[in-house]
Amino acid sequence: MKTIRFLPHFLVILLVACTPKPEAPSETESQTDTSPPVVESKIKKGFLKPKHIGDPVVGKPWISDLTIADLDQDGLKDVIICDGKANEVRWIRQTALNVYEEQAIGDPVQGPAHVEVCDFEDDGDLDLLVASMGVIFPNNEKIGAVVIMEQTEPGIWVNHIVLDKVARVTDVRAADFNGDGLKDLAVAQFGYVQGEARWMKNLGNFEFESEILTNLSGAIHSPIADLNGDGHLDITILVSQEWEEIHLYEGDGTRFRKKVIYGSTNEDYGSSGISLYDVDRDTDLDILFTNGDAFDYARPGPRPWHGVQWLENKGRGFFEFHRLGDFPGAYSPVACDIDGDADMDILAVSGFNHWENPSAVSLICYENMGNERFLPRTLAHHPTHLIVLKAADMDDDGQIELVTGSFHAYPPFDHEFARITLWDTQ
């Protein structure tokens, strides 16, 4: 039986760099080769320029999640982070164009694993949903919680604990599933040996009624969208551990019906991250996901099957699998038009690697060359220990910037530590 994985999705171990596929036939290949023509990449060396934002690095940072939003609605995008070492949600506010200041938000949250920005009460200001693991490292106690940070006045957030004493919570998202005008919650709970996922019906006044979707351990993400095109919101649950499955819970406005839309026969597959984007721009949402977790071995490390892939939405709840490429320890898949050519490229980061090897890759892009052909491009070898990635136009210049967070939990520690890095496109 497979050893139970010790850590959730954001603790990814990575030892080797990605090996790109050849882009053109060699001189020894047949002249009748029918490979597609090589298209020159728009992603050049030095394409991204990294700079640290927020507070200075002290010790070894544990940034477990981040998101980008204009939290104070002043027209400038900010970065909101989960600091797993400080047990805080923190706001890196863009006070003026390209000027950032950091502060804590609300009361401390134990083991914050995920933060989501939404106007939960529909009152015109932005609140925060926070998944609390209790502790970041392995624990089977019922110490997880769901925290809603309500913005009661500009710049002031008050914590409401709406679920606690449950298996460690790794994700929480909000949407009105039943059409009653109140935002409900979709919750993933990694747990440890035991875990679950649930949806929480909003009864008003921060009171909820829970319905369990699955009792499997290892649930790490719970994004919400109408994926089957029936007009009702669905919940997608990525289940790691030995299950290694993607569950689609198809909603009808009152209940959810489970469908397994992907499952690996490899119990060590290492599911590590999931996100929803219209990759092929056909007006429906596809599923990006990475498999790179490898913490369930006596000596943590990557495996040759790790990489990045997407499930193409074929309609009515059916999906087609596409492997983008091998990337040991892959994590945090993001789709965006990083090269400005009007199609969706796919990016991912790596968390733990043989960083003593200067060729180890920390940030990669699968450049969209058209006709569902993606070619891997190395974007960076450092900063290292990157486990979370988001993309947005941070300075309103029409170009996409990237923001990454580092989690320095395991050696080697022989590089300059990064905490939050803003990657400006050149």
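Residues numbered from 1 in each chain as written. Predicted model: local features only at pLDDT ≥ 70, side-chain atom pairs only at ≥ 80, totals over all residues. Heavy atoms only, no water.

### Points about the nonpolar core
Okay, step 1: Core analysis: the biggest nonpolar cluster contains 25 residues, and Ile-338, Leu-347, Leu-363 and Leu-402 have the highest contact counts within it.
Okay, step 2: Contributions of two or more residues to this core are made by β23 (330–336), β24 (345–350), β25 (363–368), β26 (374–380) and β27 (386–392). (Core = buried A, V, L, I, M, F, W, Y, C linked by side-chain atoms within 4.5 Å. Buried < 20%, exposed > 50% of the residue type's maximum accessible area, 1.4 Å probe, protein only. Helix = DSSP H or I, 4+ residues; strand = E, 2+ residues; numbered from the N terminus.)

### Some remarks on the sheet that holds strand β21 (residues 307–315)
Okay, step 1: If you walk across this open sheet you meet the four strands as β19-β20-β21-β22, and the pairing is antiparallel. One side of each edge strand has no neighbouring strand; the edge strands of this open sheet are β19 (271–277) and β22 (318–326). Each strand axis lies, on average, 20 degrees off the axis of its neighbour in the sheet, ignoring direction.
Okay, step 2: Inspection of the sheet shows β21 paired to β22 by eight bridges, in the antiparallel sense. Paired with Gly-315 across the strands is Phe-318, a residue of β22. (Pairing = 2+ DSSP bridges. Axes fitted to C-alpha atoms, helices over the stretch in contact; angles between N-to-C directions.)

### Digging into the pattern of salt bridges
Side-chain pairs of opposite charge can arise whenever the charged atoms involved come near each other.
Okay, step 1: Under the criterion given, the structure shown has 19 salt bridges.
Okay, step 2: The salt bridge involving Asp-171 is made with Arg-173; its shortest N-O contact spans 2.9 Å. (Salt bridge = Lys/Arg side-chain N within 4 Å of Asp/Glu carboxyl O.)

### Topic: the state of the cysteines
Okay, step 1: Overall, the coordinates contain zero disulfides when judged by the stated rule.
Okay, step 2: The cysteine Cys-336 is free of any disulfide, with Cys-365 supplying the nearest cysteine sulfur at 7.2 Å.
Okay, step 3: Judged by its relative accessible area of 0%, Cys-365 falls in the buried class. (Disulfide = S-S within 2.5 Å.)

### Some details on the side chain of Asp-286
Okay, step 1: Mapped onto the elements of the fold, Asp-286 is located in strand β20 (residues 286–291).
Okay, step 2: This buried residue, Asp-286, is left without a salt bridge; Lys-314 holds the nearest opposite charge, at 8.3 Å.
Okay, step 3: Within the local environment of Asp-286, its side chain forms a polar contact with the backbone nitrogen of Val-279, the two atoms lying 2.9 Å apart.
Okay, step 4: Excluding anything up to four places from it in sequence, Asp-286 contacts Ser-275, Leu-276, Tyr-277, Asp-278, Val-279, Asp-280, Trp-310, Leu-311, Glu-312 and Asn-313. (Lys, Arg positive; Asp, Glu negative; His and termini not counted. Polar contact = N/O pair within 3.5 Å; in protein donor to acceptor, adjacent residues only side chain to side chain. Contact = heavy atoms within 4.5 Å.)

### Some remarks on the sheet that holds strand β29 (residues 420–425)
Okay, step 1: Read from one edge to the other, the open sheet built from four strands follows the order β1-β29-β28-β27, with strand pairing classed as antiparallel. Two strands bound the open sheet, and with one partner strand each, they are β1 (48–52) and β27. Taking each pair of neighbouring strands and ignoring which way they run, the sheet shows an average axis angle of 25 degrees.
Okay, step 2: Alignment of β1 against β29, held across five bridges, turns out to be antiparallel. In the strand pairing of β29, Lys-49 is matched with Asp-424.

Keep in mind these numbers describe shape, not what the thing actually does.
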